[in-house]
Amino acid sequence: MSIAESSFHYVADLVRRETSMLYEQGKEYLVEARLLPLAREAGDSDVDVYVSRLMTDAAERRKAIDALTINETSWFRDNAPYQAFTDVLLPQAIAARQATRKISIWSAACSSGQEAYSLSMLLDQHLPLGWTAEILATDVSTAMLGRVKAGRYSQVEMNRGLPATHLVRYFTRVGSEWEVSADLRRIVTTQHLNLATTFPPLPTFDIVFLRNVLIYFDLDTKRDILRRVHARVAPGGSLLLGSSETTLDLTDSWEREAVGRVQVHRPVPAAGAFGLTAPTRAAV
Amino acid sequence: MILEGPTYTDLHAVVDEVWSAFLGPEDPLLPALPDTGLGDGVTWSAATSVTGAWNGVVTVEIPDVVAQTATERMLGLAPGEDLSTEDVADAVGELVNMIGGNVKSLMPGPSALSLPLVARGTIASPSDLTEVSCLDLTWAGSPLRVSVLARRDVPARATDKQESA
Amino acid sequence: MHALIIDDSRAMRSILRRIVTDLGYDTTEAEHGQAALDHMEGGLVPDLCLIDWNMPVMDGYQFVQRVRDDPRWRDVTLMMVTTESEHGQIVRALAAGAHEYVIKPFTPDAIVDKLELLGLLVAEVPA
Ligand SMILES: C[S@@+](CC[C@H](N)C(=O)[O-])C[C@H]1O[C@@H](n2cnc3c(N)ncnc32)[C@H](O)[C@@H]1O
């Protein structure tokens, strides 16, 4: 049993339209593996029957898109970026923000929130007394944003990269899940944002995590996103990409710098009219 | 007194996690059609008990084909390889151990978890136990059942009676 | 690198063995804490112990206490892998000297992620 070509095309187009994520030829098995449980749940005999259901059922379409967006994430994913955050990026941001004593961070493509909450734990441990911090967590999937807000994780998710000392310190058991503490949830704000289209008004950020999402887009979309993200990184601030995304041929508007085991990207100030404009602050 | 048990949602979440982590995510656990039962074939039963602040027993009943598949996947063997009865009993025991441990943490604590007990056939449950939650599911076309039974530990507090008399 | 896998279930030992062998570890298995201690008294000094909690003869909690009490095993990393999942149990195990804690059920990535945190991922997997 394997998915019909027409079904695959329909699904690939749907996902591309909604998220810009590419499902290229050869990924049929992935589409099938992800839709099969939904098909069974809906009582359909195979994935093709399920795909024809999608054509008329908008609610089911939402579910399918959520199942097809790759939400894979973990606590302190790859570890090294978080080490760089603690050792170098946060101290730099603190040095730069002595006047306002406020650090702002963006977790773009936040998935279920492990990235944003991992950062909030580090802020809890390393932010000097009297400082505040704000983490904006954005994603194209409203289901994922709902999960970030709820701050609840299954046992299997908790196991993925969260040090046991942090589990004990920041989580409580709620039924079969674990809930992140209210103190950490207070730092994290969520907002719906499709990276592939024009951004809504955003402030500038000291540190931006844009990890493990660009890989799903075509080159033009990647370039376009990086161009728009550029304007949202504060001068002297930093952008972190996923570990397989660092070799992207970035334009000369970014400077690359090795910090520990990761590459950090710094915006090169754009010369010209906009270079001197104060960053506009919008409500988040 | 009201016998306490885990909610259906929590119990389902626990079983679902154990199943998808060790038996693979491709085949989802689905609710069974009403009255399908476990069929007439050979079944395996496993139980583990919780004692302490909450007292009860968690049981898993699965047909032979599910027990065999579970064992193959956990031991990393190809389908159809010869399995000893001990291997199957061990794998089924580990499944109930994981479900039981997680059910324990859903209930008031502290309590201790027993080592699992596994049998081919069914395990008769002691008469002082009452079923408080039950999941009837199908997995890869086969039925399975997970139940939680709580102990009716009638507190022998004679003083209560005297006072109310 | 050497991992001592301590669990009374053969199926669970097999799952853990496959995960750490893929990461380049040699392994020894024990079906309870006492059997594991016997291996270590016999001269085995593992880099890592993966330890179930509920086992016959000697449970994993007692095993952690025994290992932590003995200076010979100061450098052995202890990671619980157990279905005991109450907040209080995790606190107890850490207080007794366990370095990390994985709750069953887990996916293989969970073990890999934890070993990365502990700095115990072997860089080169022998071919
Ligand atoms: C693989 S996860 C990465 C999560 C996290 N950043 C990490 O590194 O672990 C990718 C996330 O990107 C989101 N995503 C996909 N397309 C997007 C788009 N066009 N705009 C914003 N987010 C998108 C998905 O919903 C998913 O949550």
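What counts and what doesn't
Residues numbered from 1 in each chain as written. Chains lettered and ligands numbered in written order. Predicted model: local features only at pLDDT ≥ 70, side-chain atom pairs only at ≥ 80, totals over all residues. Heavy atoms only, no water. UniProt positions renumbered as here; feature names shortened; annotations may be inferred. Contact = heavy atoms within 4.5 Å. Buried area = accessible area lost by both parts, 1.4 Å probe. Salt bridge = Lys/Arg side-chain N within 4 Å of Asp/Glu carboxyl O. Polar contact = N/O pair within 3.5 Å; in protein donor to acceptor, adjacent residues only side chain to side chain. Helix = DSSP H or I, 4+ residues; strand = E, 2+ residues; numbered from the N terminus. Pairing = 2+ DSSP bridges. Axes fitted to C-alpha atoms, helices over the stretch in contact; angles between N-to-C directions. Phe/Tyr/Trp six-rings, centres within 6.5 Å; stacked < 30°, edge-to-face > 60°. Buried < 20%, exposed > 50% of the residue type's maximum accessible area, 1.4 Å probe, protein only. Lys NZ or Arg CZ within 6 Å of the ring centre and 35° of its normal. 1 Å grid on protein atoms, 1.4 Å probe; cavity = no way out; pocket = protein on both sides within 12 Å on 5 of 7 lines; lining within 4 Å. Points joined across faces, edges and corners; volume = space filled by probe spheres on them. Near = heavy atom within 4 Å. Nonpolar A, V, L, I, M, F, W, Y, C, P; charged D, E, K, R; others polar. Parallel < 35°, antiparallel > 145°, perpendicular 65-115°, else oblique.

Looking at an unreviewed UniProt entry, chain B carries the name Chemotaxis protein CheX, with the source organism given as Nocardioides psychrotolerans.

In the annotation of an unreviewed UniProt entry, the entry for chain A reads protein-glutamate O-methyltransferase, and the organism field reads Nocardioides psychrotolerans. UniProt annotates chain A under Catalytic activity (unreviewed entry) with the comment "L-glutamyl-[protein] + S-adenosyl-L-methionine = [protein]-L-glutamate 5-O-methyl ester + S-adenosyl-L-homocysteine".

Draft legend 1. Focus on the interface of chain A and chain C. Counting residues at the interface gives 17 residues for chain A, matched by 19 residues for chain C. A combined buried area of about 1,500 Å² lies between chain A and chain C, and 60% of that area is made up of carbon and sulfur atoms. The interface formed by chain A and chain C contains two salt bridges. Where chain A touches chain C, the interface holds nine residue pairs in polar contact (both at pLDDT 80 or more). Counting only elements with at least two residues in the side of chain A that touches chain C, the list comes to helix H8 (155-158), helix H9 (164-170) and strand E4 (171-174) of chain A. Ranked by residue count, the leading element in the side of chain A that touches chain C is H9 of chain A, at four residues.

Draft legend 2. Representation of the sheet that holds strand E5 (residues 177-180) of chain A in the model. All names here are of chain A. Spatially, three strands are ordered E3-E5-E4 in an open sheet, and the strand pairing comes out antiparallel. Every interior strand has two partners, whereas the edge strands, strand E3 (152-154) and E4, have only one. Put simply, the sheet's adjacent strands are angled 35° from each other on average, direction ignored. Pairing of E3 with E5 involves three bridges; the strand directions are antiparallel.

Draft legend 3. The packing of aromatic side chains, seen in detail. One pass over the structure, following the stated rule, counts 10 aromatic pairs over all chains. Seen in terms of ring centroids, Tyr117 of chain A and Tyr153 of chain A are 6.5 Å apart; in terms of plane orientation they differ by 80°. Their pairing is edge-to-face. Of this pair, Tyr117 of chain A sits in helix H6 (residues 114-126) while Tyr153 of chain A sits in strand E3; the two residues are 36 residues apart in sequence, bridging distant segments of the chain. Both residues of the pair, Tyr117 of chain A and Tyr153 of chain A, count as buried. Residues Trp53 of chain C and Tyr61 of chain C carry aromatic rings whose centres are separated by 5.5 Å and whose planes lie at 10° to one another, so their mutual orientation is stacked. This pair shows no difference in class: Trp53 of chain C is buried, exactly as Tyr61 of chain C is. Cation over ring: Arg228 of chain A sits above Phe199 of chain A, and NZ or CZ is 4.7 Å from the ring centre. Directly above the aromatic system of Tyr61 of chain C lies the positively charged group of Arg92 of chain C, at a separation of 4.2 Å from the ring centroid.

Draft legend 4. Molecular detail of the layout of surface pockets. Roughly 2,100 Å³ of internal volume is contained in the largest pocket. What lines the largest pocket is a set of 47 residues, and nearest its centre among them are Arg34 and Glu157 of chain A together with Asp16, Ser20 and Pro25 of chain B. Counting residues per element, the ones that place at least two in the lining of the largest pocket are helix H2 (28-42), helix H4 (58-68), helix H7 (142-150) and H8 of chain A, helix H1 (8-23) of chain B together with helix H5 (108-117) of chain C.

Draft legend 5. Structural context of the site of the ligand. Residue and element names in this part refer to chain A. Thr19, Thr73, Arg77, Asp139 and Asn194 are the nearest of the 21 residues found near the ligand. Between Asn71 and the ligand, the recorded distance is 3.4 Å, taken from a side-chain N or O atom to an oxygen atom. Contact distances for the ligand include 2.6 Å between an oxygen atom and a side-chain N or O atom of Asp139. Partitioning the shell around the ligand into residue classes produces nine nonpolar, seven polar and five charged.

Draft legend 6. Quick peek at empty space enclosed by the protein. This model, assessed by the stated rule, comprises two cavities of 30 Å³ or more. Lining the largest cavity, in full, are Ser74, Trp75, Phe76, Arg77, Asp78, Asn79 and Gly161 of chain A together with Asp113, Glu116 and Leu117 of chain C. In the lining of the largest cavity, the residues fall into three nonpolar, three polar and four charged. Its boundaries defined by the atoms lining it, the second largest cavity holds a volume of some 40 Å³. Looking at the lining of the second largest cavity residue by residue, the class counts come to two nonpolar, three polar and one charged.

Draft legend 7. The arrangement of the packing of helix H1 (residues 5-19) of chain A against H4 of chain A in detail. Residue and element names in this part refer to chain A. Between H1 and H4, the least distance of the axes is 10 Å, while the angle of their chain directions is 85°. Comparing their axes, H4 and H1 come out roughly perpendicular. Contacts between H1 and H4 involve Tyr10, Val11, Leu14, Val15, Glu18 and Thr19 from the former and Arg61, Arg62, Ile65 and Leu68 from the latter. The residue makeup of the contact of H1 with H4, split by class, is six nonpolar, one polar and three charged.

Draft legend 8. Layout of the sheet that holds strand E5 (residues 100-103) of chain C. All names here are of chain C. Taken together, five strands build an open sheet; the order of strands is E2-E1-E3-E4-E5 and the sheet is parallel. Bordering the open sheet on either side are strand E2 (26-30) and E5, each of which pairs with just one other strand. The sheet shows a mean angle of 20° between the axes of neighbouring strands, direction not considered. Relative to strand E4 (residues 77-82), strand E3 (residues 48-51) runs parallel, the two sharing four bridges. Looking at E4, one finds that Ile51 is bridged to Met80. Against the sheet, helix H3 (residues 60-68) touches strand E1 (2-6), E3 and E4, its axis set at about 175° to E4.

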